[in-house]
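An overview of the molecular structure
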Amino acid sequence: MFNSKKDGLTKLIVGGLHGREGKITEPILKKLITGEKPTNGNLIVIPALCKNRRYISTLNKSYYETKEGKKLLSLIQKYKPEIYVELHCYRKSAYQLLTDPERKLKRGVPPLVEISDGVLIGSISPHLFSMFNFKLAVVVELPCKNPNVDWVVLDLLNAIKSSKSAEEILGCWKIKYPYQIEKAISLLHKWFGGGLSD
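Residues numbered from 1 in each chain as written. Predicted model: local features only at pLDDT ≥ 70, side-chain atom pairs only at ≥ 80, totals over all residues. Heavy atoms only, no water.

What about the pattern of salt bridges?
What counts, and what does not: By convention in these notes, a salt bridge is any Lys or Arg side-chain nitrogen within 4 Å of a carboxyl oxygen on Asp or Glu. By the criteria applied, helices consist of DSSP H or I runs no shorter than four residues and strands consist of E runs no shorter than two, each listed in order from the N terminus. Between buried and exposed lies partly exposed: a residue is buried under 20% and exposed over 50% of the maximum accessible area for its type, with that area taken using a 1.4 Å probe on protein chains only.
All chains considered together, the criterion is met by seven salt bridges. Between Arg53 and Glu68 there is a salt bridge; the shortest N-O distance is 3.2 Å. Pair noted here: Arg53 is in the loop between strand E3 (42-46) and helix H2 (67-79) and Glu68 is in helix H2, with a separation of 15 residues, a long-range link. Taking relative accessible area as the criterion, Glu68 reaches 5% and is therefore assigned buried. The salt bridge partner of Asp155 is Lys176, with a shortest N-O separation of 3.0 Å. Within this pair, whereas Asp155 is found in helix H6 (residues 150-161), its partner Lys176 is found in helix H7 (residues 166-176), the two being separated by 21 residues in sequence. Taken together, the shared-partner salt bridges in this structure form one network comprising Glu26, Lys30 and Lys51.

See below:
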């Protein structure tokens, strides 16, 4: 946990929430930790909630009854973040499922939007939305077998470090990825009335 000793948002970034994806998210989030420190607020980074556990989708309510799911809820309850980010990785075969235009009907969440080089952004689980009130809450997905895209992930996450508001974070993202971020916001407002911005 990094406390800048200055007022600001509390930001929680969690990687490796299920299965073996923690092996992929941990090195990326460790780079984030060793980089420039935040200049305001608090930043909590969990590089890998787990590294080798049975895979249960975070979209399933039963996930939050598992050991790692309970740990995640405990972290959110403890730190009460305004900004919340999950970092996942996906198999190549899952790309179509994650970006499927019919994903809202099939899985209860809108499709993810590709930012660059297979890195996707989208909504967190509706189960978390029903329990917590975040100012900004997103999932970032990267291909499990393409670690060379970590620069895209770090680009997105570094914008969060010292931003003073959800709007400032979105503004930073829009500068580099205007179409993609606008599309993601539009999808979330259409189905949830929020998520990427309140």
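Let's talk about the sheet that holds strand E5 (residues 113-116)
Put simply, the rule is: Strand pairing is assigned whenever DSSP detects at least two bridges linking the two strands.
Taking strand neighbours across the sheet as the criterion, the seven strands line up as E1-E3-E2-E4-E7-E6-E5 in an open arrangement whose pairing is mixed. Sheet topology places strand E1 (2-3) and E5 at the edges, where each strand pairs with a single neighbour. By the bridge criterion, two bridges tie E1 to E3 in an arrangement that is antiparallel. The residue of E3 that forms the bridge with Phe2 is Leu43.

With respect to the state of the cysteines
Selection criterion: For this text, the term disulfide refers to a pair of cysteine sulfurs within 2.5 Å.
Enumeration over the complete set of coordinates arrives at one disulfide. Disulfide pairing is shown between Cys89 and Cys144; the S-S distance is 2.1 Å. One quick way to see it: the torsion about the S-S bond of Cys89 and Cys144 is about 85°, and its sign makes the bridge right-handed. Of this pair, Cys89 sits in strand E4 (residues 83-90) while Cys144 sits in the loop between strand E7 (136-143) and H6; the two residues are 55 residues apart in sequence, bridging distant segments of the chain. Note on Cys89: relative accessible area 10%, which makes it buried. Just so you know, Cys50 is unpaired, no disulfide at all, and the nearest cysteine sulfur is the one on Cys89, 11 Å from it.

Quick word on the packing of aromatic side chains
To keep things clear, this is the line we draw: Classification of ring pairs uses Phe, Tyr and Trp, with its six-membered ring standing for Trp, and accepts pairs whose centres are within 6.5 Å; under 30 degrees between planes counts as stacked, over 60 as edge-to-face, and the remaining range as tilted.
Summed over all chains, the structure comprises four aromatic pairs. Centre to centre, the rings of Tyr84 and Phe134 are 5.1 Å apart; their planes meet at 15°, and the pair counts as stacked. Of the two residues, Tyr84 sits in strand E4 while Phe134 sits in the loop between helix H5 (126-131) and E7, which places them 50 residues apart along the sequence. Taken together, the ring pairs in this structure connect Tyr84, Phe132 and Phe134 into an aromatic cluster.

That's the geometry; what it means functionally is another story.
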